[in-house]
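Chain by chain, the residues run as shown.
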Amino acid sequence: MLKRHRMTMAITGILGGALLITGCGAAAALQPSQAPERDAANAGLASGGGGGDIGTSNCSEADFLASASPVEGEPGSFIVTYGNRSDKTCTINGGVPNLKGVDMSDSPIEELPVEDVRLPDAPEEFTLEPGESAYFGIGMILADSSDPDAHVLSGFQASLPDMSELQPVYIVGDDEVRFAVENLRVSSLVSTPDDL
């Protein structure tokens, strides 16, 4: 399997986009699965979550810390580290995390579409010891800042697939995050950032 080191998102034509994952000079395109728009009533349905913070996990969302690192040279792309900050071993469902973009007031942008991109070799379950992490990718379909239909995004909130309590995703770095976006794409959880 080709090891991939950087994730980049791009629109590939009128019929839709594909998640592009690049590394070692090669690219592979994955067709994203269509998911219903997420709102308060169906958060997590497309990824198999949404049943509260009980699910199959022995941990809660408060046991994890999410931080997003911008992908260098790829505006609007981030690799998110979801770390177990508790003192217990946590078992969590794999799949696609629940994600919301937030505006300048840190309020979720409910009308911003979020598209799930399921990676074919992603694990179905994770066991994370204290200090261990799982990873996922975020990509944005950027819009023109003058577009009246664009959403201005300044951050993210997320929860694991079998949990529903959204928490802030901390952005790594000193740069202000502000993007005009049409929609977001979020990948499955993986074991290492090299799998993205």
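Owing to the predicted nature of the structure, the values given are computational and were not obtained by experimental measurement. (Residues numbered from 1 in each chain as written. Predicted model: local features only at pLDDT ≥ 70, side-chain atom pairs only at ≥ 80, totals over all residues. Heavy atoms only, no water.)

Things to note about the packing of aromatic side chains
Considering all chains together, one arrives at four aromatic pairs under this definition. Both rings, one in Phe 64 and one in Tyr 82, keep their centres 6.1 Å apart while their planes meet at 55°; by these two values the pair is tilted. Highlighted residues: Phe 64 in strand β4 (residues 64-70) and Tyr 82 in strand β5 (residues 77-84), separated in sequence by 18 residues. Each of the two residues, Phe 64 as well as Tyr 82, counts as buried. Both rings, one in Phe 78 and one in Phe 179, keep their centres 6.3 Å apart while their planes meet at 90°; by these two values the pair is edge-to-face. Remark: Phe 179 occurs in strand β14 (residues 179-187) and Phe 78 occurs in strand β5; sequence separation between them is 101 residues. Comparing Phe 78 with Phe 179, the two get one shared label, buried. Of the aromatic side chains, those joined through ring pairs into one cluster are Phe 64, Tyr 82 and Phe 136. (Phe/Tyr/Trp six-rings, centres within 6.5 Å; stacked < 30°, edge-to-face > 60°. Helix = DSSP H or I, 4+ residues; strand = E, 2+ residues; numbered from the N terminus. Buried < 20%, exposed > 50% of the residue type's maximum accessible area, 1.4 Å probe, protein only.)

Looking at the nonpolar core
Soluble, globular proteins show a tendency: their nonpolar side chains are buried together. The biggest cluster of nonpolar side chains holds 32 residues, and the ones touching the most others in it are Phe 64, Leu 153 and Phe 156. For this core, the secondary structure elements donating two or more residues are β4, β5, β6 (90-93), β9 (125-128), β10 (133-142), β12 (155-159) and β14. When sequence neighbours within four positions are dropped, the list of residues in contact with Phe 64 reads Cys 59, Tyr 82, Gly 83, Asn 84, Arg 85, Cys 90, Ile 92, Leu 128, Leu 160, Met 163 and Gln 167. In this structure, Val 117, Leu 119, Ala 122 and Tyr 135 belong to the second largest nonpolar core, which totals eight residues. (Core = buried A, V, L, I, M, F, W, Y, C linked by side-chain atoms within 4.5 Å. Contact = heavy atoms within 4.5 Å.)

Brief notes about the pattern of salt bridges
Considering all chains together, one arrives at four salt bridges under this definition. Of the charged contacts, one joins Asp 63 and Lys 88 as a salt bridge, the two residues approaching to 3.5 Å between their closest N and O atoms. Separated by 25 residues along the polypeptide, Asp 63 in the loop between β3 (26-30) and β4 and Lys 88 in the loop between β5 and β6 bring together distant segments of the chain. When its relative accessible area of 35% is taken as the criterion, Lys 88 is described as partly exposed. Of the charged contacts, one joins Glu 110 and Lys 100 as a salt bridge, the two residues approaching to 2.8 Å between their closest N and O atoms. Of this pair, Glu 110 sits in the loop between β7 (98-102) and β8 (114-117) while Lys 100 is found in strand β7, placing the two residues 10 residues apart along the sequence. (Salt bridge = Lys/Arg side-chain N within 4 Å of Asp/Glu carboxyl O.)

Side note on the state of the cysteines
Defined simply, a disulfide is a covalent bond joining two cysteines at their sulfur atoms. Taken as a whole, this structure holds one disulfide when the rule is applied. With its sulfur 2.0 Å from that of its partner, Cys 59 forms a disulfide with Cys 90. Disulfide Cys 59 to Cys 90: torsion about the S-S bond roughly -90°, handedness left-handed. Remark: Cys 90 occurs in strand β6 and Cys 59 occurs in the loop between β3 and β4; sequence separation between them is 31 residues. Classification of Cys 59 as buried rests on a relative accessible area of 4%. Looking at Cys 90, the relative accessible area reads 0%, which means it is buried. (Disulfide = S-S within 2.5 Å.)

Some details on unusual backbone geometry
For Asp 106, which is not a glycine, the phi torsion comes out positive at approximately 65°. With respect to the helices and strands, Asp 106 occurs in the loop between β7 and β8. Note on Asp 106: relative accessible area 55%, which makes it exposed.

Focus on the environment of Pro 161
Turning to its location among the elements, Pro 161 is positioned in the loop between β12 and β13 (167-171). Overall, Pro 161 belongs to the buried group, its relative accessible area being 1%.

Quick word on the confidence of the model for the protein chain
Model confidence for the protein chain is summarised by a mean pLDDT of 76, while 71% of its residues fall at 70 or above. The low-confidence segment residues 1-54, where pLDDT is below 50, has 133 contacts with residues more than four positions distant or belonging to other chains. (pLDDT = per-residue confidence, 0-100.)

Observations concerning the environment of Leu 128
In this fold, Leu 128 is placed in strand β9. The spatial distance from the C-alpha of Leu 128 to the C-alpha of Ile 92 is 8.0 Å, given a sequence separation of 36 residues. Setting aside residues no more than four positions away along its own chain, Leu 128 makes contact with Phe 64, Tyr 82, Asn 84, Lys 88, Thr 89, Cys 90, Ile 92, Ser 133 and Ala 134.

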